[in-house]
Amino acid sequence: MPDFKYIVVGAGMMGAAAARHLSAQTEGVALIGPGEPADRKSHKGVFSSHYDEARITRGFDGDPVWAELAQRSIRRYAEIEAKSGIRFFTEAGCLFTGNGKGLAGDYVSRALSSAGRLGLGVETLGTEALAGRFPMFSLPADHGGSFEARNAGHINPRALVKAQCSIAGAQGTHLVGETAAHIHDTSHGVEVVTREGTVHTAEKVIVAAGGFTNMAELLPSPVDMAATGRTIVFFELDEARQAIFGAMPSTIVLAETEDDIVYILPPVRYPDGKIYLKIGGESEKGRLETLAEAVDWFHSDGTPGEVEFLTRKALSLMPELAGCPVTSGSCVASITRSGYPYIGYTQSSNIAVLTGGNFVSAKSSDEIGRLGAVLLASGQLTEDEFAAEMSPVFI
């Protein structure tokens, strides 16, 4: 007899959500994944990109599938906070701003269409109204804005994962703080062998290992997904600048091409006790193919050229940041061929995959995890659960 009915491999945002939803329906669920390393710079194992204090959340989205995934998740934030006793959502609002040309115009047009269908409260702001409403920015003269005030802002991904694991544990999930190294389908169940030397068995396993999905023997064959390194820049704010930027929303500055888009998180307190404003972009495309390459990347402070670009961009948009101490860091985006998460079975009918955040999934992770739970419990997704869009591609 297998040890468990279901094993979820990967205790990040998607995996923890999948374990919560599964354990609400059945006994015999295990969640296998290591905790955050105490010393990032010396850690030699896998990482997770939820090791952060703030990610943008919003329903306003130029892709109707992502808009729906976000809304389904956001509706459950209050329930998750209440059940866990852990707060992770800050309703700071989310601002999109751009000049309406090229990609920026197309994105906003599509997003407004989805906003109407989903009943989102999105306010359109002209240049003057934008400047008056958000004086902390010095935006180009041709920029307008779309502002979503309710059910938008930012989430704390560390706290969200903690909340999901807390509820899953209370529902009977076995939380195993180990790292999966090999997964094999056998005649007596699916074996999950960890780096610690333990073997766990289950009737079915779903792999939610993020950018590390292809970097160990976890799937019968790799998924068609690129793990790409992304650089983030932090501005440390003193009390005076905290007052200036304290009321700012989460912000996405659109551009005519994808490579020039930047996102900005409002001031947030980090574990070192300091308040930081964070900025990142989407221009980096370098692939991380091996565990060693990924570990080296997570040990780094990002790409120097990208740090320079993001710093310069931040100062042009927010001149009051001049003189702030600047630091940088690294994270990983998992980009699938479809642009959507992969949620489906592999060549084995007992091993499924749940991965591919595409750099926008933190806000939607609860619904993505729920869909992974549906897949294991019922054997398939339906059209309403985006079966076609989430179909994995293997190489």
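The structure contained in this document is the topic of the report that follows. (Residues numbered from 1 in each chain as written. Predicted model: local features only at pLDDT ≥ 70, side-chain atom pairs only at ≥ 80, totals over all residues. Heavy atoms only, no water.)

Some thoughts on the overall build of the protein chain
Looking only at helices and strands, one finds 10 helices and 19 strands in the protein chain. Relative to its length of 395 residues, the protein chain is compact, with a C-alpha radius of gyration of 21 Å against a globular reference of 21 Å. Accessible area for the protein chain stands at about 15700 Å²; split by element, carbon and sulfur atoms hold 51% of it. For the protein chain, the separation between the mean place of its 33 positive charges and that of its 47 negative charges on side chains is 3 Å. (Helix = DSSP H or I, 4+ residues; strand = E, 2+ residues; numbered from the N terminus. Rg over C-alpha atoms; globule rule 2.2 N^0.38 Å. Areas by Shrake-Rupley, 256 points an atom, 1.4 Å probe, with all protein chains shown as cover. Lys, Arg positive; Asp, Glu negative; His and termini not counted. Charge placed at Lys NZ, Arg CZ, Asp CG, Glu CD.)

What about the pattern of salt bridges?
Using the criterion set out here, one finds 23 salt bridges in the structure. With a closest N to O distance of 3.0 Å, Glu367 and Arg72 form a salt bridge. One end of the pair, Glu367, is in helix α10 (residues 365-378); the other, Arg72, is in helix α2 (residues 64-74), with 295 residues separating them in the sequence. A relative accessible area of 17% places Arg72 in the buried class. Arg150 is paired through a salt bridge with Glu91; the nearest N and O atoms lie 3.3 Å apart. Pair noted here: Arg150 is in the loop between β7 (144-148) and β8 (153-155) and Glu91 is in the loop between β4 (89-90) and β5 (94-98), with a separation of 59 residues, a long-range link. By relative accessible area, Arg150 is classed as exposed at 58%. Each of the salt bridges in this network shares a partner with another, and the network as a whole consists of Arg20, Glu68, Arg72, Arg76, Arg117, Asp366, Glu367 and Arg370. (Salt bridge = Lys/Arg side-chain N within 4 Å of Asp/Glu carboxyl O. Buried < 20%, exposed > 50% of the residue type's maximum accessible area, 1.4 Å probe, protein only.)

What about unusual backbone geometry?
Within the chain, Phe359 stands out as a residue other than glycine whose phi angle is a positive 70°. Relative to the helices and strands, Phe359 is located in the loop between β19 (351-355) and α10. Positive phi values are uncommon outside glycine, yet Phe386 reaches one of about 60°. The residue Phe386 is located in the segment after α10 in this model.

A closer look at the environment of Val253
Positionally, Val253 belongs in strand β14 (residues 250-253). The buried category is assigned to Val253, whose relative accessible area is 3%. Sequence separation of Val253 and Phe96 is 157 residues, and the distance between their C-alpha atoms is 6.0 Å.

Examining the sheet that holds β4
Read from one edge of the open sheet, 3 strands run β3-β8-β4, paired in antiparallel fashion. Both edges of this open sheet fall to β3 (55-57) and β4, since each of them pairs with a single strand only. Pairing of β4 with β8, which is carried by 2 bridges, proceeds in the antiparallel orientation. Paired with Thr90 across the two strands is His154, which belongs to β8. (Pairing = 2+ DSSP bridges.)

Examining the environment of Ile7
Within the element layout of this structure, Ile7 appears in strand β1 (residues 4-9). Taking the C-alpha atoms as reference, Ile7 lies 6.5 Å from Ile206; in sequence the two are 199 residues apart. Ignoring anything within four residues of it in the chain, the contact list for Ile7 reads Ala30, Ile32, Val192, His200, Thr201, Ala202, Lys204, Val205 and Ile206. (Contact = heavy atoms within 4.5 Å.)

Some thoughts on the side chain of Lys363
As for its position among the elements, Lys363 is in the loop between β19 and α10. Asp61 provides the closest opposite charge to the buried, salt-bridge-free Lys363, at an N-O distance of 4.1 Å. Polar contacts involving the side chain of Lys363 include one to the main-chain carbonyl oxygen of Val360, which spans 2.5 Å. (Polar contact = N/O pair within 3.5 Å; in protein donor to acceptor, adjacent residues only side chain to side chain.)

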